[in-house]
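Spelled out from the first residue to the last, the chains are:
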Amino acid sequence: MTYQAPQEDLYAVPGGEASPLLIARNVTKYYGAMPGCLDVGFDIWPGEILGIVGESGSGKSTLLGCLSGRFVPTSGEILFDRADGGGLTDIVNLPEPARRRLMRTAWGLVHQNPRDGLRMGISAGGNIGERLMAAGERSYGRVRGAAEDWMDRVEINRSRIDDRPSVFSGGMQQRLQIARVMVSEPRLVFMDEPTGGLDVSVQARLLDLLRVLVRDTGVAAVVVTHDLAVARHLTDRLMVMKGGRVVEAGLTDQVLDDPQHPYTQILTSAVLMA
Amino acid sequence: MSLLKDAEGPGGGDAARPGDPHYNFAYLDEQTKRMIRRCLLKAIAVPGYQVPFGGREMPLAYGWGTGGMQVTAAVIGPEDVFKVIDQGADDTTNAVSIRRFFQRVTGVETTEKTGDATIIQTRHRIPETPLKADQIIVYQVPQPEPLRKLEPREGETRKLHAYSEYGLMQVRLYEDISQFGHIATTYSYPVMVNGRYITSPTPIPKFDNPKMDRMPALQLFGAGRERRIYAIPPYTSVKSLDFDDHPFEVQRWDKPCGLCGATDSYLDEVITDDKGGKMFVCSDTHYCEMRRAAGHAGPAYETAKAIDLVHDDEGADR
């Protein structure tokens, strides 16, 4: 399925490109004979947030894995605008070193469990600075400065900069993980259940933070979630997945307020509205 | 030694050869030595790259220099002059036993004089006397992977090396500065070899790191437990990692060596009594003795004599 790209004037970011950042076409992934995701296609534009919702086992994480280069899709193509003059690049067939370089510069990956995304034995400042140093930053002062700046931006007290994430609370760990990813100013961030496992008040703060960051930096994001409230607050567009297929897609409010597909109708009516 | 002679019995039946005839020359069998030499050639061709090899059991526990011994066994010949140091000293247990081992299985001449040796096997130090182009220094390596403490997965560290993704190592230095205000790593200080591979210099003090840079001697590294060999060919650039605003520095001492008065050598702290008395002495015993024989004297020589650290007749033959 292909979807209408949003109008430029609505989603244009300052200095933004007039072409999609990421194009997925017919992405299919089989685990042996078992389908993970089937025939998924969409565009992501600069500064846009795409939500993927669906029950567990619906292929959300498989799709995210394919998009972020961790899994190789069985068929289909995924094109990314590398902004280095190379134009759209097929990331499926990109050599591994180049893909890894892309992953730690132009992309970010926020894991559901911060322990998967953070280095637990290294201080918060070291975690934030890693991407900068990987990109060749050799000034301690500048790394430190950036780390302090990002501690502020994700609302962690600067005095915790030399503490290890293992002594942080769950919410702080998740915010630290976001800082660690955002410090390299990626253009596309993949988030897998970013608010999973957090209590409601912490979730709300995190959502606020994500919204601010996304609006400030103009980063595009793909957010996988099973929480429709997260989708409602964070995303511009929504894809609903079931059994590996996209059953409905559109503007978030549209999908949630006027669901067309029977599954989406069940999904939205199953949520307790506060 | 011909294969025919090999068939005659242990040690090739070469009665003229000095050393224990019950062992093949240099203990290892010829096939093993050939395998190790091939790994060494590859290691030299790709400076700093860790080459896996089929590590053999040596008559010594892992951690006591089995890797270095296998490398030495593969390169040593009857004409070589062999020196072993452990933490700079020729007379510590590890050095003595390895030296005696090779004396027995090869019959080569051994020495304590850095300048006379053609092969120097070392644990944790590089001699103070600059090495020459016709020498080989063999390091005993406990952990060949400099990234191991930061990345426990072997497959991942290999990728990090293959793709030159070395941000992680810089993180380790960052952690030092953030905790201690300076780069507090004093040994196993990571180096970049030939501008390509980050390499563990083995637990030598960082004081010795500058000696590795463009060293005229061939540097070979053997890790027995981890079964890795790597090498730094002569005159190869070896750069210690650092930050622009926290440059690499070596240790400094306020006092000279208590025995020989040297101010340019790596010093060990020696406790002299149970009242807080201490002195600093050269860790490189041969260097210290050489200087004393040349007439240099340190401020604490009498103290050292009182606790049997030195005797007047030492170093007389140097």
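Coordinates for the structure precede this section.
The structure presented is a predicted model; accordingly, all values stated were derived computationally and were not measured. (Residues numbered from 1 in each chain as written. Chains lettered and ligands numbered in written order. Predicted model: local features only at pLDDT ≥ 70, side-chain atom pairs only at ≥ 80, totals over all residues. Heavy atoms only, no water.)

Participant: Tell me what's going on with the interface of chain A and chain B, and back it up with residues and numbers.
Facilitator: By a widely used convention, the size of an interface equals the accessible area lost when the partners come together. In this assembly, 22 residues from chain A lie in contact with 20 residues from chain B. On the chain A side of the contact with chain B, Arg 100, Arg 138 and Tyr 140 of chain A bury the most area, a combined 39% of that side's loss. Applying the counting criterion to the chain A and chain B interface returns five salt bridges. Glu 151 of chain B is the partner of Arg 119 of chain A in a salt bridge, and the nearest nitrogen-oxygen pair spans 3.9 Å. For the pair chain A and chain B, the interface holds 13 residue pairs in polar contact (both at pLDDT 80 or more). The set of elements that each furnish at least two residues to the side of chain A that touches chain B consists of helix H3 (96-105), helix H5 (124-134) and helix H6 (140-153) of chain A. When residues of the side of chain A that touches chain B are assigned to their parent elements, the largest contribution, five residues, is made by H5 of chain A. (Contact = heavy atoms within 4.5 Å. Buried area = accessible area lost by both parts, 1.4 Å probe. Salt bridge = Lys/Arg side-chain N within 4 Å of Asp/Glu carboxyl O. Polar contact = N/O pair within 3.5 Å; in protein donor to acceptor, adjacent residues only side chain to side chain. Helix = DSSP H or I, 4+ residues; strand = E, 2+ residues; numbered from the N terminus.)

Participant: Please give an account of the pattern of salt bridges that cites residues and values.
Facilitator: Scanning all chains against the criterion turns up 34 salt bridges over all chains. A salt bridge links Glu 148 of chain A to Arg 158 of chain A; the shortest N-O distance between them is 3.5 Å. Taken together, the positions of Glu 148 of chain A in helix H6 and Arg 158 of chain A in the loop between H6 and helix H7 (170-182) put the pair 10 residues apart, joining distant regions of the chain. Judged by relative accessible area, which is 25%, Glu 148 of chain A ranks as partly exposed. Accessibility expressed as a relative area gives 40% for Arg 158 of chain A, which makes it partly exposed. When salt bridges with common partners are traced through the structure, they connect Arg 119, Glu 130 and Arg 180 of chain A together with Glu 151 and Arg 153 of chain B into a single cluster. (Buried < 20%, exposed > 50% of the residue type's maximum accessible area, 1.4 Å probe, protein only.)

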